[in-house]
Amino acid sequence: MAFLDIIAALKFKDYLYLIILSFLIYVFQFYYKYFTRPNKLPGPLPLPLIECSYLFDTDAKQLFISLHKKYGDVCEVYLGGFRRISISRPEYLEKMLASSATDTTFMTRAPYSKGLEELGMAGRGLIFNHDVKSWKYNRQFFNKAVQSLSFNLEAVKWVDKIFQEIEVYWKSLAHNNLSSDDNENSWCLETDLSLWARSFTNDMIIILTTGERSYGVALLYNKLSPTKVSRSGTLIEDSERFIRGISKQILGVSFFMFLNSPLRHSIPFAKKNVKSLIENRDYLFERMDMIVKKRKKEIEETPVGEELRHDLLTSLIITNTERDKDNVKAIDGKILRPMTDVEIRGNLLDAFIGGTESTANLFCYLTYYICQYPKVKQKMIDEIDTIFPQNTCLNHDNLLKLEYCTAIIKEVGRIIPPLSILARYTDKPCEMVGYKWDAGTIFHVNLNGLHKHKDHWSNPEIFDPDRFYKKKDDDRHKYSFAMFGGGLRACPGKKLAMIELLSLMVLIYRKYDVELIDIKAPLKTKSAILTICKELPFRIKPRN
Ligand code: HEM
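Overview of the structure. (Residues numbered from 1 in each chain as written. Predicted model: local features only at pLDDT ≥ 70, side-chain atom pairs only at ≥ 80, totals over all residues. Heavy atoms only, no water.)

**Focus on the sheet that holds strand β4 (residues 421–425)**
Under the convention used in this document: Pairing between two strands requires that DSSP report at least two bridges joining them. In DSSP terms, a helix is any run of H or I states spanning at least four residues, a strand is any run of E spanning at least two, and both are numbered starting from the N terminus. Note on method: axes are straight lines fitted to C-alpha atoms, helices fitted across the in-contact stretch only, with angles between N-to-C directions ranging 0 to 180 degrees. In what follows, a contact means two residues having at least one pair of non-hydrogen atoms within 4.5 Å.
Pairing within the open sheet is mixed, and its four strands lie in the order β1-β2-β7-β4. Each edge of the sheet is formed by a strand with only one pairing partner; in this case those strands are β1 (74–79) and β4. The sheet shows a mean angle of 25° between the axes of neighbouring strands, taken without regard to direction. Across four bridges, strand β2 (residues 82–87) lies against strand β7 (residues 442–446) in parallel orientation. Paired with I85 across the strands is F443, a residue of β7. Set on the sheet, helix α3 (residues 60–71) makes contact with β1, β2, β4 and β7; between it and β1 the angle comes to about 135°.

**Some remarks on the packing of helix α16 (residues 374–387) against helix α20 (residues 494–509)**
Condition: An angle below 35 degrees is read as roughly parallel, one above 145 as roughly antiparallel, one from 65 to 115 as roughly perpendicular, and any other as oblique. By the convention adopted, Pro, Cys, Tyr, Trp, Phe, Met, Ile, Leu, Val and Ala count as nonpolar, Lys, Arg, Asp and Glu as charged, and the other residues, Gly among them, as polar.
Their axes nearest at 10 Å, the elements α16 and α20 cross at an angle of 90°. With respect to α20, the axis of α16 lies roughly perpendicular. For the pair formed by α16 and α20, the contact residues are K377, M380, I381 and I384 on the first element and M505, V506 and Y509 on the second. Residue composition of the contact of α16 with α20, grouped by class: six nonpolar, no polar and one charged.

**Examining the environment of G354**
Structurally, G354 can be placed in helix α14 (residues 341–355). C-alpha of G354 to C-alpha of I250: the two residues are 104 residues apart in sequence and 9.9 Å apart in space.

**So, the packing of aromatic side chains**
Given two aromatic rings, one states the distance between the centres and the angle between the planes to describe the pair. The line we're drawing: Here a Phe, Tyr or Trp ring, Trp counted by its six-membered ring, pairs with any other such ring whose centre lies within 6.5 Å, and the pair is stacked when the planes are under 30 degrees apart, edge-to-face when over 60, and tilted otherwise. The classification of residues rests on relative accessible area computed with a 1.4 Å probe and restricted to protein chains. Under 20% of the type maximum is buried, over 50% is exposed, and intermediate values are partly exposed.
For the structure shown, the criterion picks out 26 aromatic pairs. Ring geometry for Y34 and Y78: centres 5.7 Å apart, planes at 70°, overall edge-to-face. One end of the pair, Y34, is in helix α2 (residues 12–35); the other, Y78, is in strand β1, and 44 residues separate them in sequence. We note that Y34, like Y78, is buried. Arranged with centres 5.1 Å apart and planes meeting at 80°, the rings of Y404 and Y469 form a pair that is edge-to-face.

Shown next as structure tokens:
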């Protein structure tokens with residue numbers, strides 16, 4: 001009662017004083033905690049409420065590059081409620097990126113997020129899975145599927161098929177007529193490579209993961225051309241919605257991860273966005289569940305012993321069932337249970353997320369650099385012409401012989417890694433960079449720092465594929481190059497990405513001349529978590 005009387009007696013001015021006092025106490029506590037923190041590292045001063053977000057304009061790559069420049073190889077930054085330690089020196093990464101199966105300290109990328117739970121992604125799949133037990137279970141199934149030879153052969157077959165489709169569209173756009181086959185070798189097309197690369201990787205990942213065709217490249221053709229692709233109209237419409245659905249789910253991740261629940265559900269703009277993202281989640285999950293059910297039925301109707309498809313979905317469904325010749329075992333040797341439909345959906349979604357933008361953007365950067373460096377381009381064409389003379393089929397074994405092309409991919413990934421910051425969250429105390437850390441610390445590996453470190457690379461700013469050509473990995477520090485990450489959470493799609501990139505290089509450069517429309521224009525990129533190529537206008541015509 002007395003308390004209520006006091007409240008009733010307070011005037012507006014008193015409330016104002018109370019608010020100011022509470023804020024001052026908060027500021028005092030905030031800075032007390034900051035100035036007495038253990039392991040003081042150099043870094044920008046955080047401000048109350050907004051921490052270091054005054055330095056962050058959504059370009060995470062640039063932020064970490066400038067932190068490295070200003071504060072050195074090991075520094076710290078406060079963002080999103082966490083103290084984040086940025087590491088740009090390979091020598092410090094032994095523990096974090098080692099492939100030890102027993103040490104689980106650096107196995108989580110991010111802590112549990114209520115937002116991701118709402119988006120149906122927390123504790124599912126791989127990329128955002130904070131639950132180590134569930135992640136390990138998924139990862140074994142995923143690795144087994146995407147690293148099998150049959151999956152890789154399927155990838156080579158589909159690159160070839162989808163590229164043939166693209167060739168028809170390019171020629172048609174140049175002639176403005178889909179059926180024209182006059183002047184077979186005299187056309188020339190100017191178009192934006194980034195659009196084609198994205199549509200291509202979308203179609204690739206959808207067919208390889210689900211065994212279902214999407215028509216991303218056909219959709220793009222229809223957008224660019226006055227004549228339209230006439231076949232399978234309804235499928236194309238559904239593809240559009242499905243592909244858009246995946247992109248929207250990816251966009252939803254940062255929205256649900258970084259905006260807390262009260263804000264998400266109260267600010268009008270955010271509420272509207274939440275509604276649309278949840279509707280999209282429901283559409284996407286329903287569509288994916290239908291695909292899973294359909295494939296399960298097909299498998300049930302196929303006699304045991306008869307060969308099944310080689311896509312990720314089929315493999316996830318049959319692993320550790322009676323159809324599986326080769327069971328996945330847990331560390332203690334016990335055979336693991338088969339996957340549930342929800343787990344299968346989580347893994348498919350992560351393959352879509354991991355396998356589209358990364359590969360598409362790398363291919364754009366590769367084209368940009370090859371066109372900027374004519375000697376590199378010629379050496380690459382000579383290698384392609386030797387290993388894949390005109391009219392020879394694309395084949396997996398010969399792709400592995402393309403040593404110079406592989407060196408180019410690595411050098412492009414060194415100069416401009418599509419994913420430039422790795423993250424590891426520890427939920428137990430640990431030791432890193434010579435200090436002991438409490439549970440709850442987030443460590444970031446700044447790939448741009450590693451890849452251009454002056455102690456490890458000579459002339460790091462210069463594009464030079466020869467640094468990787470005919471060189472062994474032991475010729476440099478193990479962690480000085482990590483475009484696919486490292487340790488147990490390293491990219492499981494590395495092999496698929498290399499197949500796609502090498503195949504595209506062969507298919508394009510053995511047959512076509514490629515030039516940038518404006519050779520002097522700098523690369524147009526935008527970086528959040530990924531570095532995206534905004535556009536890459538290029539000119540393509542058949543080689544003489
Ligand atoms: C050039 C292409 C690619 C690049 C540069 C790339 C890069 C990366 C990087 C840096 C990571 C984080 C690794 C770490 O934290 O240590 C990652 C994770 C991942 N990538 Fe890729 N990736 C590419 C292609 C692909 C493809 C084609 C797939 C599809 C199968 C894929 C699926 C994934 C998945 C599922 C993860 C999460 C792994 C986990 O948490 O266990 N990536 N990738």
